[in-house]
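A structural walkthrough
Next come the chains, spelled out residue by residue.
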Amino acid sequence: MTSHLDGNMLAGTLGELFTVDVTTAIGRCASCGTSGAIAQAHVYPDAPGMVARCPACSEVVLRLVRGSDRAWLDLRGLTCLQLTIPGS
Amino acid sequence: MLEVPGWPGHRAGQHVDVRLTAEDGYSAQRSYSIASAPQGTALELTVQRLDDGEVSPYLTQTLGVGQPLELRGPVGGWFVWDADGTAPVLLVAGGSGLVPLMAMIRARAQAANRVPFRLIYSVRDPAAALYATELIERQRVGDGLGVTYLYTRTAPAGSPLPVGRISADVIASSGLPPADSPRVFVCGPTGFVETTAGLLVAAGHDPGAIKTERFGPSGGQS
């Protein structure tokens, strides 16, 4: 596998789609059950789009493709996202 | 240095996405950490030029004073330190991974927060060290910031550590003990970050207290 970065780099693009910062959310991997911040997922940015993998088991947890006027977000690798809601 | 009209302020450790768009519509985007402490609408980025890069050569060689730039941010709420923090902090930087950690050091000084900060800075040689003069000055103030340089190729005479890579010995001798329950921020190239995080956990640091940010030449394109 080529070199990866991490979920911190997804913050800008995800921030276009969501009103909360999804990189601080805790996601549970659908494959191995490990929970962790999306910021700490391993992100392979050079695939067509950005592919985030579980740091524990390397399964894909999130895929994000940003086109010129739309985005595709695949979250089937996550069973749950725990989000902190600002101001509550 | 950028002047960003309407900048909402940022937290130390956050980054911005910079987008360049060519006349034919091709655009390339990269993330750059903010180096400055929050201060009005001014923003400082530190950009390492990659000769085969798509964005950094433009930012470092072509972009002139007064020219506009498209950026998005501040983004990233995970790898951040807020200046009202009360736990001791261990920072471990590899190369230009120092940039977001420098924002934390500056934010701490700006807030006159005296919580112990310890920085281990792994860098190729003295010429490659970022913010060297400023770090000397900030240590001289004596407000609880400690800096240890780890040179990976060439060390100056009198360097306390031998030339080498990050290791369990370096973390034990120059870090903060796990018993102090420090918050730990590690930023650098992917290999450096993963090695360091593994050493920290092996040394007994709480994995939940370790936050990491990897950087590399890659970035989003559209």
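Residues numbered from 1 in each chain as written. Chains lettered and ligands numbered in written order. Predicted model: local features only at pLDDT ≥ 70, side-chain atom pairs only at ≥ 80, totals over all residues.

Overview of the overall build of chain B
Within chain B one finds five helices and ten strands. The C-alpha atoms of chain B give 18 Å as radius of gyration, which agrees with the globular expectation for 222 residues (17 Å, within 12%). A principal-axis box enclosing the C-alpha atoms of chain B has dimensions of 55 × 35 × 35 Å. In chain B, which comprises 222 residues, the share counted as buried stands at 40%. The contacts of chain B with a sequence gap of at least 6 include a subset with a gap of at least 24, amounting to 73%. (Helix = DSSP H or I, 4+ residues; strand = E, 2+ residues; numbered from the N terminus. Rg over C-alpha atoms; globule rule 2.2 N^0.38 Å. Buried ≥ 20, exposed ≤ 12 C-beta atoms within 10 Å, placed from the backbone. Contact = placed C-beta atoms within 7 Å.)

Remarks on the sheet that holds strand β2 (residues 26–29) of chain A
Hydrogen bonds along the backbone pair up the strands of a sheet, which may run parallel or antiparallel. Residues and elements named next belong to chain A. Taken in spatial order, the three strands of this open sheet run β3-β2-β8, and their pairing is antiparallel. Two strands in the sheet have a free side with no partner beyond their single neighbour: β3 (35–37) and β8 (78–82). Strand-to-strand, the axes of this sheet are offset by a mean angle of 25°, without reference to chain direction. Pairing of β2 with β3, which is carried by three bridges, proceeds in the antiparallel orientation. The residue of β3 that forms the bridge with Arg28 is Ser35. (Pairing = 2+ DSSP bridges. Axes fitted to C-alpha atoms, helices over the stretch in contact; angles between N-to-C directions.)

With respect to the sheet that holds strand β2 (residues 15–21) of chain B
All names here are of chain B. Taken in spatial order, the three strands line up as β3-β2-β5 in an open sheet, and their pairing is antiparallel. What marks the edges here is a single partner per strand, and that holds for β3 (27–33) and β5 (70–75). This sheet shows a mean twist of 20° between the axes of neighbouring strands, independent of strand direction.

Quick word on the domain arrangement of chain B
All names here are of chain B. Split by domain assignment, chain B resolves into domain 1 (2–75) and domain 2 (89–215). Taking only C-alpha atoms, the centre of domain 1 and the centre of domain 2 are 24 Å apart. Of the residues contributing to the side of domain 1 that touches domain 2, the split by class is five nonpolar, five polar and no charged. (Domains from an automatic or database assignment. Nonpolar A, V, L, I, M, F, W, Y, C, P; charged D, E, K, R; others polar.)

What about the interface of chain B and chain A?
Taken together, the contact pairs 19 residues of chain B with 22 residues of chain A. Put simply, the parts of the chain that give the side of chain B that touches chain A at least two residues each are β5 and β10 (210–215) of chain B. No other element matches β10 of chain B, which puts four residues into the side of chain B that touches chain A. Of the residues that constitute the side of chain B that touches chain A, the class distribution is four nonpolar, eleven polar and four charged.

Focus: the environment of Pro57 of chain B
All names here are of chain B. Of note, Pro57 is situated in helix α1 (residues 56–62). When the 15 C-beta atoms within 10 Å are taken as the criterion, Pro57 is described as partly exposed. C-alpha separation for the pair Pro57 and Val47, spaced ten residues apart in sequence, amounts to 9.3 Å.

A few points about the environment of Pro116 of chain B
Residues and elements named next belong to chain B. Among the secondary structure elements, Pro116 is positioned in the loop between α2 (98–110) and β7 (117–123). On the basis of neighbour count, Pro116 is assigned to the partly exposed category, with 15 C-beta atoms found within 10 Å. In the structure, Pro116 is positioned 66 residues away from Pro182 in sequence and 9.1 Å away in space, judged by C-alpha atoms. Not counting chain neighbours up to four residues away, the residues in contact with Pro116 comprise Pro88, Gly144 and Leu176.

Observations concerning the nonpolar core
Core analysis: the largest hydrophobic core is formed by 72 residues, its most contacted members being Leu10 and Ala52 of chain A together with Leu91, Leu101, Met104 and Phe185 of chain B. With eight residues, α2 of chain B is the single largest residue contributor to this core. Taken together, domain 1 (2–75) and domain 2 (89–215) of chain B each give at least three residues to this core, which thus spans both. Ignoring any residue separated from it by four or fewer positions in sequence, one finds Leu91 of chain B in contact with Leu101, Met104, Phe117, Arg118, Leu119 and Phe185 of chain B. (Core = buried A, V, L, I, M, F, W, Y, C linked by C-beta atoms within 7 Å.)

Here's the deal with the pairing of β2 of chain A
All names here are of chain A. Here β2 shows a buried face lined by Gly27 and Cys29 and an unburied face lined by Ile26 and Arg28. The antiparallel hairpin formed by β2 and β3 contains five residues in its connecting segment, where Gly33 sits at a positive phi of about 85°. Bridging between β2 and β8 involves four bridges; their strand directions are antiparallel. Paired with Gly27 across the two strands is Leu81, which belongs to β8.

Here we look at the pairing of strand β5 (residues 50–53) of chain A
In the case of a regular strand, side chains alternate between the two sheet surfaces. Residue and element names in this part refer to chain A. Judged by which residues are buried, β5 turns out to be covered on both faces: Met50 and Ala52 on one side and Val51 and Arg53 on the other are all buried. Direction of pairing for strand β4 (residues 42–44) relative to β5: antiparallel, over a ladder of three bridges. Each residue of the ladder has a partner; that of His42, found in β5, is Arg53. Hairpin connection of β4 to β5: five residues between the antiparallel strands, including Gly49 at a positive phi of 95°. The pairing of β5 with strand β6 (residues 60–66) spans four bridges and is classified as antiparallel. Its bridge partner being in β6, Met50 is matched across the sheet by Leu64.

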